[in-house]
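Observations on the model geometry
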There are 2 protein chains.
Amino acid sequence: MAFSFGFYNDIHTPTLLLDVSCAQRNIASMAEKAQKSGVRFRPHFKTHQSAAIGEWFREVGVDAITVSSVEMARYFAAHDWKDILIAFPANVREIDKINKLAQRVHLHLLVENATTAAYLAEHLVAPVDVWIEVDTGYRRSGVQWDGAELTTLAQQIDECERMKLRGLLTHDGGTYAARSKEQIVDAYTLTAQRLAAARRRLQSYGFEHLEVSVGDTPACSVLERFDAVDEIRPGNFVFYDWMQVEIGACTPEEVAVVVACPVVSIHPERNDIILYGGAVHLSKESLVQRDGRLTFGAVALIEREGWSAPLPDVWVRSLSQEHGVVHAEKAAFAALTEHIRVGDLLGVIPVHSCLTADLLKAYRTLDGERLTMAPSPGETGSLK
Amino acid sequence: MAFSFGFYNDIHTPTLLLDVSCAQRNIASMAEKAQKSGVRFRPHFKTHQSAAIGEWFREVGVDAITVSSVEMARYFAAHDWKDILIAFPANVREIDKINKLAQRVHLHLLVENATTAAYLAEHLVAPVDVWIEVDTGYRRSGVQWDGAELTTLAQQIDECERMKLRGLLTHDGGTYAARSKEQIVDAYTLTAQRLAAARRRLQSYGFEHLEVSVGDTPACSVLERFDAVDEIRPGNFVFYDWMQVEIGACTPEEVAVVVACPVVSIHPERNDIILYGGAVHLSKESLVQRDGRLTFGAVALIEREGWSAPLPDVWVRSLSQEHGVVHAEKAAFAALTEHIRVGDLLGVIPVHSCLTADLLKAYRTLDGERLTMAPSPGETGSLK
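All of these numbers come straight from a predicted model, not from anything done at the bench.

Below, the discussion takes up the overall build of chain A. The helix and strand tally for chain A stands at 13 helices and 21 strands. If you line up chain A on its principal axes, its C-alpha atoms span 70 × 45 × 35 Å. Here chain A, with 384 residues, has 57% of them falling under the buried criterion. A fraction of 64% describes how many contacts in chain A between residues 6 or more apart in sequence connect residues 24 or more apart.

A word on the interface of chain B and chain A. With 56 residues of chain B in contact, the opposing surface of chain A contributes 56 residues. The biggest single contributor to the side of chain B that touches chain A is helix α12 (residues 353-360) of chain B, with four residues. A class-by-class count of the residues in the side of chain B that touches chain A yields 19 nonpolar, 19 polar and 18 charged.

Here we come to helix α3 (residues 70-78) of chain A. Residue and element names in this part refer to chain A. Every buried residue of α3 is listed here: V70, M72, A73, R74, Y75 and F76. Close packing links the buried residues of α3 with α2 (51-59), β3 (65-67), β4 (83-89) and α4 (95-102). Among the residues trailing α3, D80 stands out with phi positive, at a value near 75 degrees.

All right, on to the relation of the copies chain B and chain A then. Of the transformation placing chain B onto chain A, the axial shift is 0.0 Å and the rotation is 180 degrees, giving an RMSD of 0.0 Å. Such a combination of rotation and displacement between the chain copies is what one expects of a two-fold axis. Rotation axis and chain B: the residue whose C-alpha lies nearest the axis is K284 of chain B, separated from it by 2.7 Å.

Moving on, we come to the nonpolar core. Considering soluble globular proteins, one finds that nonpolar side chains tend to be buried as a cluster. Of all hydrophobic cores here, the largest spans 256 residues; its most connected members are I86 and L346 of chain A together with I86 and L346 of chain B. Excluding residues that lie within four positions of it along the chain, I86 of chain A makes contacts with V67, S69, V70, A73, H108, L109 and L110 of chain A.

Below, the discussion takes up the domain arrangement of chain A. All names here are of chain A. You can read the domains of chain A as domain 1 (8-16 + 256-372) and domain 2 (21-239). Counting from both sides, the interface comprises ten residues of domain 1 and, opposite them, 14 residues of domain 2. For the side of domain 1 that touches domain 2, the element with the most residues is helix α12 (residues 353-360), which contributes four residues. Of the residues belonging to the side of domain 1 that touches domain 2, the class tally is six nonpolar, two polar and two charged.

Residues and elements named next belong to chain A. Here G38 is to be found in the loop between α1 (20-37) and β2 (40-41). G38 gets classed as exposed once you count the C-beta atoms within 10 Å, which come to 10. For G38 and H48, which are ten residues apart along the polypeptide, the C-alpha to C-alpha distance reads 25 Å.

Residues and elements named next belong to chain A. Packing of α3 against α4 brings their axes to within 10 Å, and their N-to-C directions diverge by 30 degrees. Relative to α4, α3 is oriented roughly parallel. Considering the relative orientation of α3 and α4, their crossing is left-handed. Between α3 and α4, the residues in contact are V70, A73, R74 and A77 and K97, I98 and L101, respectively. When its residues are assigned to classes, the contact of α3 with α4 shows five nonpolar, no polar and two charged.

This part is about the pairing of strand β12 (residues 272-276) of chain A. Residue and element names in this part refer to chain A. Within β12, four of the five residues are buried, which leaves the element mostly enclosed by the surrounding structure. Pairing of strand β11 (residues 257-267) with β12, which is carried by four bridges, proceeds in the antiparallel orientation. When the sheet's bridge partners are listed, I266 is paired in β12 with I273. Linking two consecutive strands that pair antiparallel, namely β11 and β12, is a turn of four residues; a positive phi of about 55 degrees is found at N271 within it. Bridge count between β12 and strand β18 (residues 323-328): five bridges; the pairing is antiparallel. Following the sheet pairing, I274 is matched in β18 by V325.

Our focus in this paragraph is α12 of chain B. Residues and elements named next belong to chain B. Most of α12 sits out of view: eight of its eight residues are buried. Those residues of α12 lying buried are S353, C354, L355, T356, A357, D358, L359 and L360. K361 sits one or two residues past α12 and shows a positive phi near 65 degrees.

Moving on: the environment of D241 of chain A. Residues and elements named next belong to chain A. Here D241 is to be found in the loop between β10 (231-232) and α9 (242-247). You can call D241 buried: it has 31 C-beta atoms within 10 Å. Distance in space between the C-alpha atoms of D241 and P252 is 8.0 Å, their sequence separation being eleven residues. Aside from chain neighbours lying at most four places away, what touches D241 is N236, V255, I349, P350, V351, H352 and S353.

Moving on: the packing of helix α6 (residues 149-158) of chain B against helix α7 (residues 181-204) of chain B. Residues and elements named next belong to chain B. The contact between α6 and α7 brings their axes to 10 Å, and the two run at 55 degrees. Judged on the interaxial angle alone, α7 and α6 are oblique. As for the relative orientation of α6 and α7, their crossing is right-handed in sense. Touching L150, T151 and A154 of α6 are A198, R201 and L202, all from α7. A class-by-class count of the residues in the contact of α6 with α7 yields four nonpolar, one polar and one charged.

What follows concerns the confidence of the model for chain A. The predicted coordinates should not be examined in detail at positions where pLDDT is low. For chain A, mean pLDDT is 94; residues scoring 70 or higher make up 96% of the total. Confidence estimates for the predicted assembly give a pTM of 0.96 and an ipTM of 0.95.

Turning our attention to the pairing of β4 of chain A. Along any regular strand the residues' side chains alternate between the sheet's two faces. Residues and elements named next belong to chain A. By the criterion of burial, β4 is predominantly enclosed, with six of the seven residues buried. Sheet topology places β3 next to β4; three bridges connect them, and they run parallel. Within the sheet, the bridge partner assigned to V67 lies in β4 and is I86. Handedness of the crossover joining β3 and β4 through α3 is recorded here as right-handed. Pairing geometry for β4 and strand β5 (residues 106-111), over four bridges, is parallel. Paired with L85 across the bridge in β5 is H108. The β-α-β motif built from β4, the intervening α4 and the parallel element β5 has right-handed crossover chirality.

Below, the discussion takes up unusual backbone geometry. All names here are of chain B. Not every positive phi belongs to a glycine, and D80 is a case in point at roughly 75 degrees. Within the secondary structure layout, D80 lies in the loop between α3 (70-78) and β4 (83-89). Positive phi outside glycine occurs at N271, with the angle close to 55 degrees. With respect to the helices and strands, N271 occurs in the loop between β11 (257-267) and β12 (272-276).

The rules behind the values
In every chain, residue numbers begin from 1 and rise along the written sequence. Each chain takes a letter, starting from A, and each ligand takes a number, starting from 1, following the order in which they are written. With pLDDT at 70 or above as the cut-off, local features in this predicted model cover only qualifying residues; side-chain atom pairs require 80 or more to be listed or tallied, and sums for whole chains, interfaces and linings still use all residues. For helices the rule is a DSSP run of H or I covering at least 4 residues; for strands it is a run of E covering at least 2, with both sets numbered from the N terminus onward. Residue burial here comes from a neighbour count, namely the number of other C-beta atoms, placed from the backbone, that lie within 10 Å of the residue's own C-beta, with 20 or more meaning buried, 12 or fewer meaning exposed, and in between meaning partly exposed. Once C-beta atoms have been placed from the backbone, residue pairs whose C-beta atoms lie within 7 Å are recorded as contacts. Side-chain classes follow a simple rule in which Ala, Val, Leu, Ile, Met, Phe, Trp, Tyr, Cys and Pro form the nonpolar group, Asp, Glu, Lys and Arg form the charged group, and the remainder, Gly included, forms the polar group. The copies were overlaid with a least-squares fit restricted to C-alpha atoms from residues scoring a pLDDT of at least 70 in each copy. Note on terminology: a nonpolar core is a set of buried residues of type Ala, Val, Leu, Ile, Met, Phe, Trp, Tyr or Cys, with members joined through C-beta atoms within 7 Å. Domain limits in this description derive from either an automatic procedure or a database domain assignment. Orientation is described by lines fitted to C-alpha atoms, with helices fitted over the stretch in contact, and by angles between N-to-C directions that extend from 0 to 180 degrees. Note on angle classes: values under 35 degrees are labelled roughly parallel, values over 145 roughly antiparallel, values of 65 to 115 roughly perpendicular, and the remainder oblique. For any pair of crossing helices, the crossing counts as left-handed if the nearer helix is rotated counterclockwise from the farther one by less than a right angle, and right-handed if it is rotated clockwise. Each pair of strands is called paired provided DSSP finds at least two bridges between the two strands. The predictor attaches a confidence to each residue, and that confidence, scored 0 to 100, is pLDDT. Think of it like this: strands point away, you trace from the first strand over the helix to the second, and a clockwise trace means the crossover is right-handed.

Now the structure itself:
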């Protein structure tokens with residue numbers, strides 16, 4: 001098998017390959033869809049965590065972003081982003097960093113309980129926009145869309161001069177349980193209806209001009225228009241991953257990343273290939289495929305153009321700290337091992353690209369360029 | 001609730017707390033057990049990945065260590081370790097770094113297939129000790145304990161001047177499926193018998209003085225003596241974790257790490273507490289407890305002395321990238337929320353401390369000292 005992109009022989013350890021054109025197509029397509037619907041596109045940068053990739057968003061007109069931690073907000077603020085939403089319930093223990101950020105950028109916080117709202121009212125030193133996180137049924141964080149707490153929280157926020165109540169925000173993780181476009185659309189429709197009802201209720205209490213922000217990649221990918229919302233915040237779509245393929249949110253061709261893993265052993269007696277590529281590279285995220293198989297990743301050949309389509313009847317059956325065990329049905333194993341030898345690379349399409357990127361901390365483009373990411377908090381000493 | 005270890009208020013984000021005395025007791029106890037059995041104690045350093053913690057092993061007489069990657073071997077070689085076993089099937093793509101290490105330290109490699117053995121025979125520039133990895137039934141890497149490949153591989157290695165065949169090595173991950181000491185002992189006994197049989201077979205082919213090395217923390221923890229082996233390589237025992245408690249390999253009091261997580265939300269309507277502490281801090285490792293509950297971690301109060309015993313009927317029911325959702329039975333939730341408010345810290349005893357430490361990249365001791373770890377390969381640029 002002829003491998004010939006220039007740096008193939010330079011890859012010695014599990015390495016996150018990035019198809020730049022594919023990622024840029026994903027970005028352009030989502031930006032265009034948002035524009036057609038007349039909604040703000042505030043992409044979530046927790047997936048890529050990379051200033052270099054952030055610039056590709058800037059090129060399609062994005063100037064407002066979403067992040068999942070104060071540390072990530074600091075990183076992107078340092079890379080000249082001026083309008084940043086931290087889409088995680090405000091953590092009062094980070095008030096000093098929040099205040100520094102609020103003095104420097106247009107900062108948006110998520111609030112979903114009275115204790116946090118009271119703390120912020122007392123300790124904020126600069127103005128911030130506040131979004132009330134609403135739980136439309138996912139049961140993670142957020143006030144219940146139809147509960148009494150929504151209005152009392154809105155009133156509490158409204159009383160604080162430094163907090164401008166900007167709108168209602170939700171993350172509907174429920175779409176991740178879908179396995180078809182129809183299921184995703186149904187889940188999204190219910191979420192949008194509940195957010196609209198919550199907004200109407202606040203309007204009846206005198207809160208006008210509240211915006212609505214939604215986020216999940218499955219819904220943002222399969223819907224053609226976003227009629228009842230003002231802002232979308234998808235993140236994962238920049239790379240997609242095997243989970244999104246299985247959900248029905250993307251095709252395998254739209255997945256922009258693969259982990260190139262050295263083959264360290266082949267076991268024909270049990271149709272297994274052992275990869276250098278384990279939980280510390282891919283994460284232990286798994287999923288049960290439509291075919292009933294539990295997988296820690298799909299498998300592709302590393303090729304001249306990047307990588308092949310996912311191989312049928314081949315999957316990562318288990319992971320330990322550094323090992324990945326690829327298993328194949330008999331015929332698929334025979335076909336695969338005609339090409340693959342110990343010492344070659346095999347590609348793993350990760351189940352969850354956000355977690356894989358967070359672990360590998362760098363990308364190699366198909367031209368061999370190295371793109372870095374935000375450092376781990378533990379390594380910057382920011383624990384202190 | 002009175003929190004009073006000095007730096008409690010300095011913890012702003014998910015932070016790995018380390019009880020140094022507890023870890024040192026775990027180290028001393030394992031070292032003593034190895035000494036009593038007359039076996040070499042070659043601890044696996046992949047769990048802690050920290051030069052500072054490595055010194056505690058040196059203090060009890062350890063001078064030979066195990067690591068899981070070439071990068072980790074380089075890190076510990078730089079911290080003056082001279083006898084290093086890389087307990088992962090030799091990755092021929094890293095031959096240059098392997099050769100540099102072999103010139104600098106007493107290096108031990110794992111070989112389990114003819115392709116790798118042939119490559120090493122051709123490319124090694126300095127002598128190494130080689131261990132044949134044997135699969136005694138775990139079905140990850142390794143040659144089958146009773147297969148014909150074992151002897152041909154031994155002969156192949158023996159023909160190479162730079163490779164000294166040192167012995168047979170296994171990792172019996174099968175003990176992780178155990179849920180009692182008896183099951184662990186049974187699994188270990190079978191493994192030891194199979195290794196002994198493999199060694200006898202090689203002896204009959206003229207290979208004398210081969211050593212046997214075993215590794216898993218469950219067996220090394222519950223066995224009193226190691227009679228049929230020459231070396232033990234446990235790693236996880238330095239910290240233990242919730243998985244080892246559930247397996248029966250340790251008590252909760254022997255667990256030396258907890259992740260202190262800020263509480264960002266409390267939902268009494270569904271007995272949930274939302275933590276800042278998700279998959280990028282704890283890893284997505286989960287387990288089904290003996291009580292049938294699927295958990296991503298046990299939960300403890302952060303206290304003056306460190307942390308409490310794990311709270312009964314309280315567990316981490318789900319994780320997303322940054323969120324942890326703690327769920328409790330009704331009475332346990334009521335008791336817990338008498339103490340815990342939004343803005344407090346709650347402790348999570350990780351399911352798998354190796355993966356959690358790898359993600360958090362630093363420790364805080366209960367005295368507030370910060371211990372660092374080996375950097376991520378992605379951040380040191382070592383991908384190139």
